[in-house]
Structures are given as structure tokens and as C-alpha cells.
Amino acid sequence: MKLIIGGVFQGKKAFAQQLTGIAPGAAADGLTCGYEEIFQVPMIYHFHEYVKRRIKDGLPYRQLAEELLAKNPGVVIVTNELGYGVVPMEAFDREYRESTGRICCELAAASEEVWRVCCGIGTCIKAQEGNTHACDGRTAK
């Protein structure tokens, strides 16, 4: 699994496609994809929006990391970082932000690689030991 994080409109999806070679049409959009789809695709972008939809719809979401790791261990997850800035006033927004952050922490802990993207440039922040594609703190465009 690879986790690619960063701020809004920072080029995360394009970076993920360039890094992995996954075609745009092969990825699932977290804004619209279904539950079963996340276990069948090589990449999910807008993952934070997928989590938000599950919470809004009252569907189980706390086990998403565990399920993804079991059913789609090679997936590339592309998500916004939500934990910076002002804490939202609305209870739903706080729950969404915290839950997404906790799920992403679980995904990051289990991922082979974790990348942070800023201005379209990715910086590797984690590489699993023994990974032949280990990033060792390098950056990539």
C-alpha cells in the first residue's frame, strides 16, 4: 500500500499517477465510488471524501483501514490532510476530521511508502525497510 497526502489542490492525484503508472480511468473517486469498488481498484483518490460520505450516511467507517489492508493491500490511497488549521465548530466536521486522521494514521503505519505532496512535488516521509523502491527521504516530480 502507498499513502499520498497533502493539502487541497497540491497535485496529489497527478503525482500518484506519475509515481505508480496507474491510468486515470483505473482509479476510483472517493466522492462517488461504491463500497465494493474500493477493494477492486488500484487507486482511490479523494479518500477523505469517501470517509465523509460513510459518516454522513451512518455507515460503518472505523474499520476502513483494516478492511483495505485485508482486501486491497496494494491500493494507492490519495487523501487531503485535514488536521491543520482551525478546529471546526460543527460536531460533524470535527468527527469527520478526527476519524479521517485516525484512519490515515492506521494506513500510514501499514503502508510501504507514505508521500506528502506540496506544489506537485512529492517528498517521501516513509519507506518500508527492504522495499526495493525505498524513497529514503528523496523528492520526486
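Residues numbered from 1 in each chain as written. Predicted model: local features only at pLDDT ≥ 70, side-chain atom pairs only at ≥ 80, totals over all residues. Heavy atoms only, no water.

Participant: Tell me about the side chain of H48, residues and numbers included.
Facilitator: Tracing the chain through its elements places H48 in helix α2 (residues 47-56). For H48, a relative accessible area of 4% puts it in the buried group. Beyond its immediate sequence surroundings of up to four residues, H48 is in contact with T79, N80, L82, Y96 and T100. (Helix = DSSP H or I, 4+ residues; strand = E, 2+ residues; numbered from the N terminus. Buried < 20%, exposed > 50% of the residue type's maximum accessible area, 1.4 Å probe, protein only. Contact = heavy atoms within 4.5 Å.)

Participant: Can you lay out the state of the cysteines for me, pointing to particular residues and giving the numbers?
Facilitator: Under the counting rule described, the total for this entry stands at zero disulfides. The structure places no disulfide on C105, whose sulfur is separated from the nearest cysteine sulfur, that of C104, by 7.4 Å. C118 supplies the cysteine sulfur nearest to C119, a cysteine that is in no disulfide, at a spacing of 4.0 Å. (Disulfide = S-S within 2.5 Å.)

Participant: How would you explain the side chain of K12 if you had to name every residue and give the values?
Facilitator: With respect to the helices, strands and loops of the structure, K12 is situated in helix α1 (residues 12-20). Put simply, K12 is tucked away with no salt bridge, and the nearest opposite charge, on E81, sits 8.0 Å away. There is a polar contact of 2.8 Å between the side chain of K12 and the side chain of N80. What K12 contacts, discounting residues up to four positions off in sequence, is I4, I5, G6, G7, V78, T79, N80 and V117. (Lys, Arg positive; Asp, Glu negative; His and termini not counted. Salt bridge = Lys/Arg side-chain N within 4 Å of Asp/Glu carboxyl O. Polar contact = N/O pair within 3.5 Å; in protein donor to acceptor, adjacent residues only side chain to side chain.)

Participant: Describe in detail the pairing of strand β6 (residues 121-127), supporting the description with residues and values.
Facilitator: When strand β5 (residues 113-118) meets β6, the two strands line up antiparallel, connected through six bridges. Across the sheet, the residue bridging to E113 is A127, located in β6. Hairpin geometry of β5 and β6 is characterised by an intervening segment of two residues between the two adjacent antiparallel strands and by a positive phi of about 55° at C119. (Pairing = 2+ DSSP bridges.)

Participant: Lay out the environment of G74 in plain terms, naming residues and giving numbers.
Facilitator: With respect to the helices, strands and loops of the structure, G74 is situated in the loop between α3 (64-71) and β4 (76-80). The exposure class of G74 is exposed, given its relative accessible area of 54%.

Participant: Can you break down the pattern of salt bridges residue by residue, with the values?
Facilitator: Side chains that differ in sign of charge can pair as their charged atoms come close. Summed over the entire model, instances satisfying the criterion amount to two salt bridges. Linking E81 and R116 is a salt bridge whose minimum nitrogen-to-oxygen distance equals 3.0 Å. Here E81 is found in the loop between β4 and α4 (91-110), whereas its partner R116 is found in strand β5, with 35 residues between them in sequence. The class for E81 is partly exposed, based on a relative accessible area of 23%. Residue E98 pairs with R102 through a salt bridge whose shortest N-O separation is 2.8 Å. With E98 and R102 both in helix α4 and four residues apart, this pair spans about one turn of that helix.

Geometric values such as these leave the question of function open.
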